[in-house]
Amino acid sequence: MSTAPTGHAPDDRSELQSLAELARNFFVDTVAPHREEFAEQGYPNREVYRQAGELGLLCMSVPEEYGGGGGTFAHEAVLFTEQVKGGDSAMQLGVHTGIVPHYILSYASEQNKKRWLPRLASGEWIGAIAMTEPGTGSDLQNISTKAVKDGDDYLITGAKTFISNGRNCDLLIIAVKTDPAQGAKGVSLVVAEVADDTPGFERGRLLKKIGQKGQDTTELFFDGLRVPRANLLGTAEGQGFIQLMQQLPQERLICGVAAAAAIEAAVDETLTYVKQRTAFGKPLFAMQNTRFELAECATIAEVVRTFVDSAVDKHLRGVLDVKTAAMVKYWTTDQQSHVIDRCVQLHGGYGYMEEYPIARMWADGRISRIYAGANEVMKDLIARSL
Ligand SMILES: Cc1cc2nc3c(=O)[nH]c(=O)nc-3n(C[C@H](O)[C@H](O)[C@H](O)COP(=O)(O)OP(=O)(O)OC[C@H]3O[C@@H](n4cnc5c(N)ncnc54)[C@H](O)[C@@H]3O)c2cc1C
């Protein structure tokens, strides 16, 4: 099954194929051997980000003048695909390379782009974005974290939760209210450089999750965190909600790319298993139910792949709209859940054992219907355009 988006010239496709091999080898040889260690400690070692940076796997769609690879989202899509197929769920590359750099590229000052992007591209720094709060997730205009002006700085006070890369991050985009009297129009995005000893900044618990156990997801607390006003994203306060709306289609597409890869990997994994496992004197694959289940799952994999590739193609041409991105996010991640659940069933009891890849895929994948906008919120967005 394809790992590179279709619709590209043969030269592009062979370049993307080479990248796929490089990325797959990185995840299998460098990251996967640490799976248990990362899951046990609840976060990946920073070293793997630096190793990814050395291989040129980070910020591939950021222009070279800012330390990036000068490529496109097609390169990023290959990375996310190979991460899933290589069995890693500890590195939060969607956030680090697929989301954070693009806010900086689109809205930061030239000086800040030059300061931040090369560090993210090299893996010296790890990026995160903090929108969700204990009291609000889907309803982002109701956040209560505040940024109050103090001379040339903002003082940030509030709490965030469920933040990916929360333990490891050095650069954090924070959604704040610069005007608490307003709803969406009072939201701004501010970038903070953070370290464990930054005054006014505290990393909370490493949250224990049912999947993606090697990935650090934490609470974050701000008590007068001082951030230069020059770190505001955009030219004026109050643009945060619009910026989120502009950037979320790419985030949702990343979910679709990962879902397509997960479905393909689950079908491949299950085919291998049912062909070698026997029951009642024959391989499981000889049973009509197993064959029909996998025939249906393989068909879904093809349809998802076609839908995702067409959305990637639209995104590369700059015409991926909010509605299509929401359709991709909701439908492909729903399919991911359903297909992987059926694949677990075909594995029998072994499908419930963490040491089997299908069990990890089941637990790792469940969040995809909830984050980056819950699937119900996606349906609401779609319905608005009907
Ligand atoms: C592993 C993990 C990583 C995450 N990473 C990040 C991160 O890096 N940064 C960040 O800011 N956040 C992150 N999140 C938070 C995530 O984006 C939110 O959990 C998500 O947006 C849902 O918000 P909530 O949990 O507050 O649920 P709520 O908003 O309370 O919603 C609960 C449920 O209500 C339903 N619902 C909500 N709104 C509607 C609606 N309008 N119509 C119909 N039904 C609705 C949905 O079924 C939804 O799942 C992460 C979460 C997890 C678990």
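In this text, all values refer to a predicted model and were calculated from it rather than measured experimentally.

### Examining the UniProt feature "domain: Acyl-CoA dehydrogenase/oxidase C-terminal" (unreviewed entry) in the protein
Now for step 1: Taking the UniProt record as the reference, the feature "domain: Acyl-CoA dehydrogenase/oxidase C-terminal" (unreviewed entry) is found at residues 238–386.
Now for step 2: Counting secondary structure, residues 238–386 comes out at 74% helix and 3% strand; the distance between its end C-alpha atoms is 29 Å.

### Things to note about the domain arrangement of the protein
Now for step 1: The assigned domain composition of the protein is domain 1 (12–126), domain 2 (129–236) and domain 3 (241–384).
Now for step 2: Summarising the inter-unit geometry, the C-alpha centres of domain 1 and domain 3 are found 22 Å apart.
Now for step 3: Taken together, the contact between domain 1 and domain 3 spans 18 residues of the former and 20 residues of the latter.
Now for step 4: Summed over both partners, the interface of domain 1 with domain 3 comes to about 1700 Å²; 65% of that surface belongs to carbon and sulfur atoms.
Now for step 5: On the domain 1 side of the contact with domain 3, Phe73, Tyr103 and Tyr107 bury the most area, a combined 37% of that side's loss.
Now for step 6: Taken together, the links from domain 1 to domain 3 amount to one salt bridge.
Now for step 7: One salt bridge connects Lys85 with Glu264, and the closest N-O pair in it is separated by 2.6 Å.
Now for step 8: Only helix H4 (73–85) and helix H5 (93–107) provide two or more residues apiece to the side of domain 1 that touches domain 3.
Now for step 9: Counted by class, the side of domain 1 that touches domain 3 contains eight nonpolar, eight polar and two charged residues.

### Structural notes on the environment of Gly166
Now for step 1: Summarising the element assignment, Gly166 is placed in the loop between strand E3 (153–164) and strand E4 (171–177).
Now for step 2: Residue Gly166 is classed as buried on the basis of its relative accessible area of 0%.
Now for step 3: Look past the residues within four positions of Gly166 in its chain and what remains in contact with it is Arg203, Asp216, Thr218 and Leu220.

### Concerning helix H11 (residues 375–384)
Now for step 1: Those residues of H11 not exposed but buried are Asn375, Met378, Leu381 and Ile382. Buried residues in H11, looked at end-on, bunch into an arc of 110 degrees, giving them a common side. Facing away from the buried side of H11 by over 90 degrees, the exposed positions are Glu376 and Arg384.
Now for step 2: Against helix H7 (240–276) and helix H9 (322–346) lie the buried residues of H11.

### A short note on the packing of aromatic side chains
Now for step 1: This structure, assessed with the given rule, holds six aromatic pairs.
Now for step 2: Between Phe26 and Phe27, the ring centres sit 5.1 Å apart and the planes meet at 65 degrees, which makes this aromatic pair edge-to-face.
Now for step 3: Here Phe26 falls in the buried class, since its relative accessible area comes to 3%.
Now for step 4: On the basis of relative accessible area, Phe27 is assigned to the buried category, the value being 0%.
Now for step 5: Linked through ring pairs, Tyr273, Tyr350 and Tyr356 together constitute an aromatic cluster.
Now for step 6: Taking NZ or CZ as reference, Arg167 lies 3.5 Å from the ring centre of Tyr43, over its face.
Now for step 7: Taking the ring centre of Phe285 as reference, the NZ or CZ of Arg291 above it sits at 4.8 Å.

### Considering the nonpolar core
Now for step 1: Core analysis: the biggest nonpolar cluster contains 82 residues, and Met91 and Tyr103 have the highest contact counts within it.
Now for step 2: At 13 residues, the largest contribution of residues to this core is made by H7.
Now for step 3: In contact with Met91, other than residues within four places in its own chain, are Phe26, Phe27, Val31, Pro44, Val48, Tyr49, Ala52, Gln83 and Gln215.
Now for step 4: With 19 residues, the next largest nonpolar core counts Tyr154, Cys169, Leu172 and Val190 among its residues.

Rules used in this analysis
Residues numbered from 1 in each chain as written. Predicted model: local features only at pLDDT ≥ 70, side-chain atom pairs only at ≥ 80, totals over all residues. Heavy atoms only, no water. UniProt positions renumbered as here; feature names shortened; annotations may be inferred. Helix = DSSP H or I, 4+ residues; strand = E, 2+ residues; numbered from the N terminus. Domains from an automatic or database assignment. Contact = heavy atoms within 4.5 Å. Buried area = accessible area lost by both parts, 1.4 Å probe. Salt bridge = Lys/Arg side-chain N within 4 Å of Asp/Glu carboxyl O. Nonpolar A, V, L, I, M, F, W, Y, C, P; charged D, E, K, R; others polar. Buried < 20%, exposed > 50% of the residue type's maximum accessible area, 1.4 Å probe, protein only. Arc of directions from axis to C-beta. Phe/Tyr/Trp six-rings, centres within 6.5 Å; stacked < 30°, edge-to-face > 60°. Lys NZ or Arg CZ within 6 Å of the ring centre and 35° of its normal. Core = buried A, V, L, I, M, F, W, Y, C linked by side-chain atoms within 4.5 Å.

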